[in-house]
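Spelled out, the chains give:
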Amino acid sequence: MKVMKAIVTAAMGAGVILLAMGMGTASDLGQELDENCSACHLTKYICQKLDKQDEAAWVSTIKRMNSNGADFPVDKIDAAAAYLVGLKAGDGPLCD
Ligand code: HEC
């Protein structure tokens with residue numbers, strides 16, 4: 001039993017590391033959106049749109065925000081749209 005537990009613990013540890021490596025970019029984007037997009041309004045606005053618009057719509061939303069005066073890095077808009085379209089309604093950090 002002890003051996004089994006050690007294997008399970010080791011496997012879970014490796015899983016967490018792999019997850020952290022794979023998610024690095026996405027969670028950075030989440031944080032960047034959280035900080036950048038909360039300058040004018042609650043991220044609740046973004047949260048309400050999760051699961052409701054496609055990637056192209058997110059690209060145009062973010063571009064519109066930049067024309068509203070936001071300062072979201074242009075080279076990250078596509079990645080941010082892909083990230084947002086992958087979130088489900090209620091997903092953090094934008095819905096926290
Ligand atoms: C400079 C101020 C400002 C910043 C920063 C800002 N917004 Fe907005 N946002 C607005 C204004 C003003 C509105 C309402 C008018 C509109 O929809 O264009 C709005 C509305 C919204 C809406 C709801 C309306 C819709 O059509 O979906 C969403 C979603 C949104 N913003 C997302 C974002 C995202 C994502 C970011 C970060 C990339 C962001 N906002 C950053 C000013 C800002």
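Residues numbered from 1 in each chain as written. Predicted model: local features only at pLDDT ≥ 70, side-chain atom pairs only at ≥ 80, totals over all residues.

Undergrad: Looking at this structure, I do not really get the environment of Ile62. What am I missing?
TA: Relative to the helices and strands, Ile62 resides in helix α3 (residues 55-68). Considering only alpha carbons, one finds Ile62 and Val74, twelve residues apart in sequence, at a separation of 9.1 Å. Not counting chain neighbours up to four residues away, the residues in contact with Ile62 comprise Phe72, Ile77, Ala80 and Ala81. (Helix = DSSP H or I, 4+ residues; strand = E, 2+ residues; numbered from the N terminus. Contact = placed C-beta atoms within 7 Å.)

Undergrad: Just checking my understanding: could you explain the site of the ligand for this structure?
TA: In the vicinity of the ligand lie 17 residues, with Cys37, Cys40, Met65, Gly69 and Ala70 positioned nearest. Elements represented by at least two residues in the shell around the ligand include exactly α1 (2-36), α2 (44-49) and α3. Looking at the shell around the ligand element by element, the count peaks at five residues for α3. For the shell around the ligand, the class distribution of residues is ten nonpolar, five polar and two charged. (Near = placed C-beta within 6 Å. Nonpolar A, V, L, I, M, F, W, Y, C, P; charged D, E, K, R; others polar.)

Undergrad: Whenever I open this one, the nonpolar core confuses me. Can you help?
TA: Generally speaking, nonpolar side chains in soluble globular proteins are found buried as a group. The biggest cluster of nonpolar side chains holds twelve residues, and these are Leu33, Cys37, Ile46, Trp58, Ile62, Met65, Ala80, Ala81, Tyr83, Leu84, Leu87 and Leu94. Every element with two or more residues in this core is listed here: α3 and α4 (77-85). Of the residues forming this core, the biggest block, four residues, is contributed by α4. Setting aside residues no more than four positions away along its own chain, Ala80 makes contact with Leu29, Leu33 and Ile62. (Core = buried A, V, L, I, M, F, W, Y, C linked by C-beta atoms within 7 Å. Buried ≥ 20, exposed ≤ 12 C-beta atoms within 10 Å, placed from the backbone.)

Interpretation in functional terms is not warranted from these geometric data alone.
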